[in-house]
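Secondary and tertiary structure notes
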Amino acid sequence: MAFFWNKKQESKSEEVTDLVTSLTLDMEDEELVSTIDTLVSESSKNAEAMEKLGEDNEKYWKGHQLDPSKFHDHQTPVNDNRIFLSTETVIPIMTSRTPEPTVRLKDAALREQVKQFLMNLWEVPTDDCITRDMQAVIEMVARHWMIYRIGIIKYFYDPEIDGMRTIFVRPPKVIFDKEGTTVDDCRFIGEYADSTVDGLFEEFPKKEKEITEVIGKNRGMSKIKYLEFWTDEYVCYKFKNIILEKKKNPNFDYGDLNGTGKPIFNIFKKARKPYIVLNLFNLGKSIYDDTSLIEQSKSLQDSVNKTKRNIADNSSDNGVLAGSGDFIDKKVLEAYTGAPDEKIWIKSGDVRQALMRLEPKQIAVHTTNDLNDSKTEIDNIFGSHSTTRGEVKGSKTLGEAQLLRTGDMGRIDLMSRALDRVSQEWYTAMLHMLFVFTTTPKEMNSNDEEGTSLIFDRTQFIAPETGGLMKIIVKVKPGSAMSIDKDARRAEAMELATGKLMDPITFYERMDYSNPRKMAERLFLWSTNPIVLFPELLAQQQAQEAATAEAERAVAENEANANVDKAANTPLPEGTVVNLPTNQPAAAP
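Everything quoted here is computed from the prediction, not taken from an experiment. (Residues numbered from 1 in each chain as written. Predicted model: local features only at pLDDT ≥ 70, side-chain atom pairs only at ≥ 80, totals over all residues. Heavy atoms only, no water.)

Below, the discussion takes up the overall build of the chain. When its secondary structure is counted, the chain shows 15 helices and 15 strands. For the chain, with 589 residues in total, the buried portion stands at 38%. Put simply, of all contacts in the chain between residues at least 6 apart along the chain, 65% involve residues at least 24 apart. For the chain, the accessible surface area stands at approximately 34800 Å², while carbon and sulfur atoms represent 52% of it. (Helix = DSSP H or I, 4+ residues; strand = E, 2+ residues; numbered from the N terminus. Buried < 20%, exposed > 50% of the residue type's maximum accessible area, 1.4 Å probe, protein only. Contact = heavy atoms within 4.5 Å. Areas by Shrake-Rupley, 256 points an atom, 1.4 Å probe, with all protein chains shown as cover.)

A side chain of one charge can pair with a side chain of the opposite charge when the charged atoms of the two come close. If you walk through the whole model with that rule in mind, you get 24 salt bridges. Measuring nitrogen to oxygen at the nearest pair gives 3.2 Å for the salt bridge that ties Asp 80 to Lys 375. Here Asp 80 is found in the loop between helix H1 (29-62) and helix H2 (82-94), whereas its partner Lys 375 is found in helix H9 (residues 365-382), with 295 residues between them in sequence. In this structure, Asp 80 and Lys 375 share a single accessibility class: buried. The partner of Glu 295 in a salt bridge is Arg 149, and the shortest N-O contact between them spans 2.5 Å. You can see Glu 295 sitting in helix H7 (residues 293-315) and its partner Arg 149 sitting in the loop between helix H4 (134-148) and strand S2 (151-158), a full 146 residues away along the chain. Overall, the relative accessible area of 17% leaves Glu 295 in the buried class. Each of Lys 154, Glu 191 and Glu 228 takes part in a single network of salt bridges with overlapping partners. (Salt bridge = Lys/Arg side-chain N within 4 Å of Asp/Glu carboxyl O.)

Attention shifts here to the packing of aromatic side chains. Under the counting rule described, the total for this entry stands at 17 aromatic pairs. Ring geometry for Phe 176 and Tyr 288: centres 5.8 Å apart, planes at 90°, overall edge-to-face. Of this pair, Phe 176 sits in strand S4 (residues 174-176) while Tyr 288 sits in the loop between strand S9 (275-278) and H7, and the two are 112 residues apart along the sequence. Each member of the pair, Phe 176 together with Tyr 288, is buried. What links up through ring pairs into an aromatic cluster is the set Phe 117, Phe 435, Phe 456 and Phe 461. Above the ring of Tyr 254, the side-chain terminus of Lys 248 is found at 4.0 Å from the ring centroid. The lysine or arginine in question, Arg 272, covers the ring of Phe 268, its NZ or CZ lying 4.1 Å from the ring centre. (Phe/Tyr/Trp six-rings, centres within 6.5 Å; stacked < 30°, edge-to-face > 60°. Lys NZ or Arg CZ within 6 Å of the ring centre and 35° of its normal.)

Moving on: the sheet that holds S2. Spatial ordering of the open sheet is given by S3-S2-S9, a layout of three strands whose pairing is antiparallel. Since the sheet does not close on itself, it has two edges, and those belong to strand S3 (163-168) and S9, each with one partner. Strand-to-strand, the axes of this sheet are offset by a mean angle of 20°, without reference to chain direction. Of the strands in this sheet, S2, S3 and S9 are in contact with H4, which crosses S2 at around 145°. (Pairing = 2+ DSSP bridges. Axes fitted to C-alpha atoms, helices over the stretch in contact; angles between N-to-C directions.)

Quick look at the pairing of strand S15 (residues 473-476) now. Only one face of S15 is buried, namely the one carrying Val 474 and Val 476, since none of Ile 473 and Lys 475 on the opposite face is buried. For strand S1 (residues 101-104) and S15, the ladder comprises four bridges, and the chain directions are antiparallel. When the sheet's bridge partners are listed, Thr 102 is paired in S15 with Lys 475.

Across all of its chains, the model carries three cavities of 30 Å³ or more by this definition. The space that makes up the largest cavity amounts to roughly 90 Å³. Lining the largest cavity we find Leu 23, Thr 24, Leu 25, Leu 32, Phe 229, Thr 231, Tyr 234, Val 235, Cys 236 and Lys 246. In terms of residues, the lining of the largest cavity owes the most to one element, strand S7 (residues 234-239), which gives three residues. Broken down by class, the residue content of the lining of the largest cavity amounts to seven nonpolar, two polar and one charged. (1 Å grid on protein atoms, 1.4 Å probe; cavity = no way out; pocket = protein on both sides within 12 Å on 5 of 7 lines; lining within 4 Å. Points joined across faces, edges and corners; volume = space filled by probe spheres on them. Nonpolar A, V, L, I, M, F, W, Y, C, P; charged D, E, K, R; others polar.)

Let us now look at the confidence of the model for the chain. Residues of the chain with pLDDT of at least 70 account for 79%, and the chain-wide mean is 83. Of all the helices and strands in the chain, strand S12 (residues 355-358) carries the lowest mean pLDDT, 66, while S9 carries the highest, 97. Under a pLDDT of 50 for its full length, residues 1-7 has, in the predicted model, 15 contacts with residues more than four places off or in other chains. (pLDDT = per-residue confidence, 0-100.)

A positive phi angle, close to 70°, is found at Arg 149, a residue other than glycine. According to the relative accessible area criterion, Arg 149 is buried, its value standing at 3%. The residue Asp 162 is not glycine, and still its phi comes out positive at about 50°. Tracing the sequence through the fold places Asp 162 in the loop between S2 and S3. We classify Asp 162 as partly exposed; its relative accessible area is 38%.

Following this line, the structure appears as structure tokens:
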């Protein structure tokens, strides 16, 4: 079943719509509740339509594409889930590598430091959840985008780990401003958060009495859903008619906590809602995509399933054994090998003079052609042909297979560039959050083999001439997150390195070694002073050299003393006059 949703016609007249009060922190709670409810209610229809459409897409992705009640006993409820196959082929390709940030910063040392900080934040899981790194988050966001027309990332500071966390948010839990087309131009974003009553009491202890009056006593383990309502300037937490908390957007340096009274440590020029969205097939009418790859493939998937069922049903037809009562008894016919529905007995008649087998139905050639065509069209939509999946199928030449794969990579590259934009926003947001919340120098984990730590000190980035933060711009190298042909890349690197046309760092990067810069540093040391790579041997050598030097010094000292003694015992030549000092006083003038 398909769902169709269209945004209302865009007005071409001058008018004012959605008449609601401006949100401020000094509003009365009752007025604030009313304003939030109005905004959420006006946008709920869009959110509900997207949720319904997403549920249908989710069924197709899961393979729940058939209604068993519509099948007869003799029909085979088979489906060939090409949508799942294509989706889960494309996602690993477009998310396989860490997006490579490029940093624009005048100071070269700090520029490299910022790049390493950002890549560590992507690759090194936080201590509270060792398995949920950014790679896992971005894979889920890409999957949500495929199914729900949008993928959502949320970032925040977690005081429990004294660091930043990033999570994915399921799209059905979020309500976007119906007029917004990007996160920035949404007047608000609402997220329905889940907790327990005890958890809500712990998070908002001042509101325990009001909550209890609404839900009753002794409900501690009961699940509760409340609204987290964000604008650029404020965040508000609401449960029914209770404002649990309202405050300024905490993800911004307003100058009140940095000791200067000035908003210094901000990458963003103004506070932002802490969400990043992935969308692509968008005409600029809504923050949600206008269509999705799954929706474009649904009718083709239905055709694949129907044709597969017809083939399966026909392939079970082994023909019918027919007998005539004029020549064979009915019970005798029933004793023949075969299922009851594969035999037919007529009371009288020819049936070719006793007994014969009626030929089974033949599958028409156009049926299999139509099946293959539908499968190919789904592959075309996703960019996931057999060559891209790594299947050995058909009799394609090497050139044909390469053309198909190149076409698929071009198709997937479009999606990968959308993820590049998301990664760029995330890197910039993480850098902003580091400056806002890391108020003192902090040790950060590294992803190298030695577990080297890095120290982030935000005061290093203050420009002496202005007293403000240095200008820092973060970009992502296009296509850096997308899977590549590693064998071809390595072969090319070997060829360039053999011809001395590539530096060691780039060579190791192309070979996908874990820490190219560290390996290049070791290569340099190996070429210039190899013993430095072996600290124990270096210590032994230094100790030996020190002992040798001490022995040589002692020998030299002994030789010098011996020479003095020898000189003292040697008689002077005859006639040598020696003037020795006397102790007599000088003569008076």
